[in-house]
Amino acid sequence: AALLEQIIAPSAVVELPWQVATVTLRDGGTKSGFVVARDGTVLTLKVAGGAVEKIPATQVVRVTNSRTSLMPEGLLATLTAGEAADLLAFLAAQK
């Protein structure tokens, strides 16, 4: 039931490890991804495609987390009943 609720309303609850972080850099640039580690010297960001970037803490101005899920709203509306059942079965098997 919880899995179905997360698909129906993906942004209702987005746990911290799944919040996309936007990192503002000293040079004015930004990078987005998932913060996988952070200490006093380096922020480690997992970016699109699964690549990992290590950003020196001295280059980080701000880290802002998004509470909006990357999963699109209304996903089930685009699927047939069979496709929705297949999706739920697949996601349940990933736990």
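That block above? That's the structure.
Just so we're clear, the structure is a prediction, and the values are computed from it rather than from any experiment.

Cut-offs used in this document
Residues numbered from 1 in each chain as written. Predicted model: local features only at pLDDT ≥ 70, side-chain atom pairs only at ≥ 80, totals over all residues. Heavy atoms only, no water. Phe/Tyr/Trp six-rings, centres within 6.5 Å; stacked < 30°, edge-to-face > 60°. Helix = DSSP H or I, 4+ residues; strand = E, 2+ residues; numbered from the N terminus. Buried < 20%, exposed > 50% of the residue type's maximum accessible area, 1.4 Å probe, protein only. Polar contact = N/O pair within 3.5 Å; in protein donor to acceptor, adjacent residues only side chain to side chain. Contact = heavy atoms within 4.5 Å. Core = buried A, V, L, I, M, F, W, Y, C linked by side-chain atoms within 4.5 Å. Salt bridge = Lys/Arg side-chain N within 4 Å of Asp/Glu carboxyl O. Pairing = 2+ DSSP bridges.

Asker: How do you make sense of the packing of aromatic side chains when you look at a structure like this?
Answerer: Scanning the model with the defined rule gives one aromatic pair in all. Ring geometry for tryptophan 18 and phenylalanine 34: centres 6.1 Å apart, planes at 80°, overall edge-to-face. Placement of tryptophan 18 in the loop between helix 1 (2-8) and strand 1 (21-25) and of phenylalanine 34 in strand 2 (residues 30-38) is noted, with a sequence separation of 16 residues between them. Residue tryptophan 18 is classed as exposed on the basis of its relative accessible area of 59%.

Asker: Could you clarify how one ought to interpret the side chain of threonine 44 in this entry?
Answerer: Secondary-structure assignment places threonine 44 in strand 3 (residues 42-46). Residue threonine 44 is classed as buried on the basis of its relative accessible area, which comes to 8%. Here lysine 54 takes part through its side chain, which lies 3.5 Å from a polar atom of the side chain of threonine 44. In this view, threonine 44 contacts Phe34, Val35, Val36, Ala37, Val52, Glu53 and Lys54; residues no more than four positions away in its chain are not counted.

Asker: Looking at this model, I keep getting lost on the nonpolar core. Mind explaining?
Answerer: Side chains that are nonpolar tend, in soluble globular proteins, to be buried together. Membership of the largest hydrophobic core is limited to seven residues, which are Val23, Leu25, Leu43, Leu45, Val47, Ile55 and Val60. Of all the elements in the fold, those that place two or more residues in this core are strand 1 and strand 3. Contacts of valine 23, omitting those with residues within four sequence positions, involve Gly29, Thr30, Lys31, Leu43, Leu45, Ile55, Val60, Arg62 and Val63.

Asker: Would you mind going over the pattern of salt bridges with me for this structure?
Answerer: Pairing of side chains with opposite charge becomes possible as their charged atoms draw close. Enumeration according to the criterion identifies one salt bridge in this entry. Put simply, glutamate 53 and lysine 31 hold a salt bridge, and the shortest N to O gap is 3.0 Å. A residue pair is termed long-range when its members are at least 10 positions apart, and glutamate 53 in strand 4 (residues 52-56) and lysine 31 in strand 2 qualify at 22 residues. We classify glutamate 53 as partly exposed; its relative accessible area is 27%.

Asker: Would you take a moment to explain the pairing of strand 4 for this structure?
Answerer: Side-chain direction in a regular strand flips from residue to residue, so the side chains alternate between the two faces of the sheet. Relative to strand 4, strand 3 runs antiparallel, the two being bridged by five bridges. For lysine 46, the partnering residue across the bridge sits in strand 4 and is valine 52. Connecting strand 3 to the next strand, strand 4, in antiparallel fashion are five residues, including glycine 49 with a positive phi near 85°.

Asker: Help me understand the environment of leucine 70 in this model?
Answerer: Position of leucine 70 among the secondary structure elements: in the loop between strand 5 (60-65) and helix 2 (81-93). Classification of leucine 70 by relative accessible area gives exposed; the value is 62%. Distance in space between the C-alpha atoms of leucine 70 and tryptophan 18 is 8.6 Å, their sequence separation being 52 residues. Excluding residues within four positions of it along the chain, leucine 70 makes contact with Val20 and Phe34.

All quantities given are derived from atomic positions and should not be read as evidence of function.
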